[in-house]
Amino acid sequence: MSISVPDRWAVGDESVPDPRVDLVSFREEFYRCLPTRGDALFELTDALLCSGTAVRTLVELSLAAEHRRGHGALYDAINCGRVDFARLRRTLGGLTIPCDRDGRIVLAVDVSAWLRPDAPTSPQRGFCHVYGRGKNQAQLIPGWPYSFVAALETGRASWTSVLDAVRLRPDDDETAVTATQVREVITRLREAGHHRDRDPDILLVFDAGYELARLAFVLADLPVQVLGRMRSDRVLCFPAPPPARTGRPPRHGPEFRFADPITWPAPETTSSTETDRYGTASASAWNRLHPRLVHRGSGAQHPGPPPIVEGTVIRLTVDHLPGDRHPTPGWLWCSDPGVSADDLDRLWQLFLRRFFSRAHLPFLQADVGVDRTSALQSRGSRPLDLDRAGGLRPTPARPSPGRGPTPPVGTARPTNTIHAGTGWSRVFAHPCDDACFGQCTETQSTRTRTPTRIGKHPPRNAPPRGQTRRNQS
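Just so you know, these numbers come straight off a predicted model, no measurement behind them.

**Overview of the packing of aromatic side chains**
For any two aromatic rings, the description comes down to two numbers: the centre-to-centre distance and the angle of the planes. The full count for this structure, using the stated rule, is 14 aromatic pairs. Judged by centre distance (5.6 Å) and plane angle (90 degrees), the rings of Tyr-31 and Phe-42 are edge-to-face. Of this pair, Tyr-31 sits in helix α2 (residues 20-32) while Phe-42 sits in helix α3 (residues 38-50), and the two are 11 residues apart along the sequence. Owing to a relative accessible area of 12%, Phe-42 belongs among the buried residues under this scheme. Both rings, one in Phe-258 and one in Trp-331, keep their centres 4.3 Å apart while their planes meet at 5 degrees; by these two values the pair is stacked. Of this pair, Phe-258 sits in the loop between β8 (255-257) and β9 (269-275) while Trp-331 sits in strand β12 (residues 330-334), placing them 73 residues apart in sequence. Each member of the pair, Phe-258 together with Trp-331, is buried. Stacked on the ring of Trp-114, the Lys or Arg Arg-116 has its end atom at 5.3 Å from the ring centre. Above the plane of the ring of Trp-144 lies Arg-167, whose end atom (NZ or CZ) is 4.0 Å from the centre.

See below:
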């Protein structure tokens, strides 16, 4: 029988430090994170990690050698078991955190979708953007988006250390939830002793789609730097010029348009690096640029004038891309308004390492087999949903005799109210970890159903032209 992490007896009594001791300690601490039905949940985790193939039904896990309890204990552990998420997060924060060559912790934040198109009764589903192989082949598929925070490794290794994962509800403010999630992760890292006051600031790497200036303002009280990608059509502003003798003092200076090279002054810093994959990589930096913020959207409730968050804009160009594709310039924004020449190359190289944060997704989705909802249901049974209110029971899919009729397609269903964002105020509360078992957001079409054509008798054959009933008689 195999186990996911070696037991204490497998380590041995050696004086030389064994790296497996950390794994054994994590195994014991993970067991303490299961306050209810801990034995069954722990053995279920062992069976899931030690299965050599994709998991299609929970019955297969109950028959594994690592699961030493019966079939009923498995469903009882899933329905009645409980995981202490706060303690589990502290346990993950206490593990060894990788750092770069300067001793800086680099955290990548990204959103990954768990697609659930075949589970219409699953609560809190949203439409997830999925890229296609060709141009203009993107799709919106119902699923659960998750926000991941992972620590990036150094060197050529693509391993990442996942520290936290939070599901994004349809009515959540993505920037506010991400800011709260990052704040709690950094707090746990500082409590575990991974970051001290004299250490370099933690670098947070984001992709396009995040409000970078808002994140930098909300997390300004933490020792962090925000680095992210911006669209190629953005417009930023330089610092305001000195006020004139009369009139209102200006808040913004000249505009810096990404798509208009005429508005680009001479860059403060430039660099050129030879790479094996992209050829010559050239980077240019302009300091003290800020976006123009207004009292709309997320900043509608911010008291006073909108803040001015200055940073550095980095333009990255390469000779070629893998597959002889035509390269387009990439635009980055860093919350540090004075990036030096020594930090310029390090910043865009760390941003490219952000793509390694998605290396854990094939293990979480494909290898375990949880990304195929159709494969998780057996013949004549319901789809397995581990996050619904009624729990998980081996019941048939046919409705009971007392069940009411199914409402027709197009019937209006109550939906959750979408609340406005909290503005630019700093967020400290963590969203609810447990699933919201309220009204299920079943995805159905709102168009009226086309009525079925009623069968009629075939029409009688018309008489030939020029004939009547009298002539036929």
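**Focus on helix α7 (residues 174-191)**
In an α-helix there are 3.6 residues to a turn, and that puts residues three or four apart on one side. Helix length check: α7, at 18 residues, gives a terminal C-alpha distance of 26 Å against a target of 26 Å (1.5 Å per residue), a fit within 8%. With 13 of its 18 residues buried, α7 lies for the most part within the structure. Note on α7: the residue one or two positions beyond its end, Gly-193, has a positive phi of about 90 degrees.

**Here's the deal with the confidence of the model for the chain**
For the chain, the average pLDDT comes to 74, and 69% of its residues sit at 70 or higher. A low-confidence stretch, residues 366-423 (pLDDT under 50), is modelled with 101 contacts involving residues beyond four sequence positions or located in other chains. The low-confidence segment residues 468-473 (pLDDT under 50) makes five contacts with residues lying over four places distant or belonging to another chain.

**Notes on the packing of α2 against α3**
One way to put it is that α2 packs onto α3 with a least axis distance of 9 Å and a crossing angle of 135 degrees. When the axes of α2 and α3 are compared, the pair comes out oblique. Residues Arg-27, Phe-30 and Tyr-31 of α2 lie in contact with α3, whose contacting residues are Gly-38, Asp-39, Phe-42, Thr-45 and Asp-46. A breakdown of the residues in the contact of α2 with α3 according to their chemical character gives three nonpolar, two polar and three charged.

Reading the values: rules and limits
Residues numbered from 1 in each chain as written. Predicted model: local features only at pLDDT ≥ 70, side-chain atom pairs only at ≥ 80, totals over all residues. Heavy atoms only, no water. Phe/Tyr/Trp six-rings, centres within 6.5 Å; stacked < 30°, edge-to-face > 60°. Helix = DSSP H or I, 4+ residues; strand = E, 2+ residues; numbered from the N terminus. Buried < 20%, exposed > 50% of the residue type's maximum accessible area, 1.4 Å probe, protein only. Lys NZ or Arg CZ within 6 Å of the ring centre and 35° of its normal. Expected span 1.5 Å × (residues − 1). pLDDT = per-residue confidence, 0-100. Contact = heavy atoms within 4.5 Å. Axes fitted to C-alpha atoms, helices over the stretch in contact; angles between N-to-C directions. Parallel < 35°, antiparallel > 145°, perpendicular 65-115°, else oblique. Nonpolar A, V, L, I, M, F, W, Y, C, P; charged D, E, K, R; others polar.

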